[in-house]
Amino acid sequence: MATGPSNSSFLATSRGRLTLALLCAVAFLDFVDASIINIALPAIRRDLHMSVQNLQWIPSGYLLTYGGFMLLGGRAADLLGRRRVLVAGTLVFGASALVGGLAPNSGTVIASRLAQGVGAAMMLPAASILTTTFTDGPERRTALGAWGGTAGLGSAAGVLLGGLLTQGPGWRWVFLVKPPLCAIILAGVFILLKDDRRRGRLVNFDLFGALLATAGALLLVYSLVRAPAVGWGSARTIGELAGSAALLAAFVVNERRSKNPLLPLSIFRVKGLAAADITQLIGIAGMFAVFFFVTLYVQGILGYSPIQAGLAYLPVTAGVGVSAGLTPRLIGRIGIRPVFVAGTLLAGGGVYWLSQVPIHGSYLTDLLPGLVIMSVGLGAEFVAAATAANAGVPPQLAGLAAALFNASQWIGGAPGLAIFSAIATARTTHLLASGATPAAALDGGFRQALIAAAVFLVAAALVALRTTSSRGEPPTAEPAAVRETAAGDVTVRLTER
């Protein structure tokens, strides 16, 4: 049976490095899946004869179930065993990707994406194994830095891989490339990770809270995804948002009264955790806008092929990788907060640069500088955000903290894209009415949306000022503020065998 680390030098061993690589692979697979599909959408629509309305559910379906089931997946990992939940999520993810790659019609593809989101929601919170495996200060910073950088790399590399696969073997390989990767991850899980299986009685699990949280999150993300199509001011959108608010409010009341809450609310007393999650919620909305609108710009206005559009993001992948590699050392010297704020502001500056690109801009002189600036900031922001969201969190709540952090990203992405799409559409419509050419009108809409995205990132940097100023060391003792939240786990621990 695999055993965990016995001392603080675990990362210096080959087993420690392989364990870190495995957990980073899990993060990479989840994040790359959110962006790899974008460039393949036109080909999928053509081959499966999909309407634009149905096509949007291929990316949105993944976002819906990923964000909706994230909290449930994270808490299940804490209570039932992280390796068990990680294995189950990887199996669901790989199987649903295989179904999507072989899908004969649009309904099957959409269903596979919904299932993939559920699998991903079980995979990523379970990777909180990272924070309970690497507990020494410098090693934990290095591990969190690698994990956060991998998440940023996945977001950037997804667009590149999507272009290569779509124009190469075809769009189906955007799905079919994932099952073999899942098989490799499963083998690594059984070889490298210890079995932390737990036997908690059903009475110790907050089933009612789980239902309220999942239903509320699903309805919230669904209403935000659908709002641009049905109208933000429509009775349907208002009713759905009100319904999600009522479910989430009922969830909070239930958690305050439950002896074994799904979400111990006192976790938010961990210094800087809430600010880190809110910063990421706002910031990721701006980042998603860049990949979305810049991809549309290079393909729709500059006439890039899918593979050319993917290769355009190669410097972004390199920039994120270099920045993420240097950021843990920087955090160790000056602390999380300065790096977090500076990285977010730098990313915002790069996005603003991109918003000024002319209609028929040059890649080398107009796009590349903004992409490089943004990528350096993005790498630092991802690593600092991951470190801030896990600093001071006790081991028994690591899965929950990871779930909250990642849920903030995906739930933030839904309204962000909806808002920026509405801004772009309004600007494009106005320019067309004023006599502008279609290309000029589209470019004007993209630029307006990117300016708004830059503003979001500046706002995120202001929130980041409230995060912890520590250097990312784990707590030496369980914080008093969290001690009462862990009480709900006592019964579960006592019933373990």
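Residues numbered from 1 in each chain as written. Predicted model: local features only at pLDDT ≥ 70, side-chain atom pairs only at ≥ 80, totals over all residues. Heavy atoms only, no water.

### Here's the deal with the overall build of the protein
Okay, so step 1: Across its full length, the protein carries 21 helices and zero strands.
Okay, so step 2: Considering the protein as a whole, with its 497 residues, one finds that 56% of them fall into the buried category.
Okay, so step 3: Excluding contacts between residues fewer than 6 apart, the proportion of contacts in the protein whose partners are at least 24 apart in sequence is 84%.
Okay, so step 4: Only carbon and sulfur atoms are counted for the fraction: they give 67% of the accessible area of the protein, which is about 19,100 Å². (Helix = DSSP H or I, 4+ residues; strand = E, 2+ residues; numbered from the N terminus. Buried < 20%, exposed > 50% of the residue type's maximum accessible area, 1.4 Å probe, protein only. Contact = heavy atoms within 4.5 Å. Areas by Shrake-Rupley, 256 points an atom, 1.4 Å probe, with all protein chains shown as cover.)

### With respect to the packing of aromatic side chains
Okay, so step 1: Summed over all chains, the structure comprises four aromatic pairs.
Okay, so step 2: Ring geometry for F420 versus F456: centroids 4.9 Å apart, planes at 70 degrees, classification edge-to-face. Of this pair, F420 sits in helix 18 (residues 398–433) while F456 is found in helix 19 (residues 438–464), placing the two residues 36 residues apart along the sequence.
Okay, so step 3: Given the relative accessible area of 0%, F420 is considered buried.
Okay, so step 4: Look at F456 and you get partly exposed, because its relative accessible area is 27%. (Phe/Tyr/Trp six-rings, centres within 6.5 Å; stacked < 30°, edge-to-face > 60°.)

### A short note on the environment of A440
Okay, so step 1: In this structure, A440 sits in helix 19.
Okay, so step 2: Here the alpha-carbon distance between A440 and P358, two residues 82 residues apart in the chain, equals 9.3 Å.
Okay, so step 3: Once you skip the residues sitting within four places of it in the chain, A440 turns out to touch I359 and L431.

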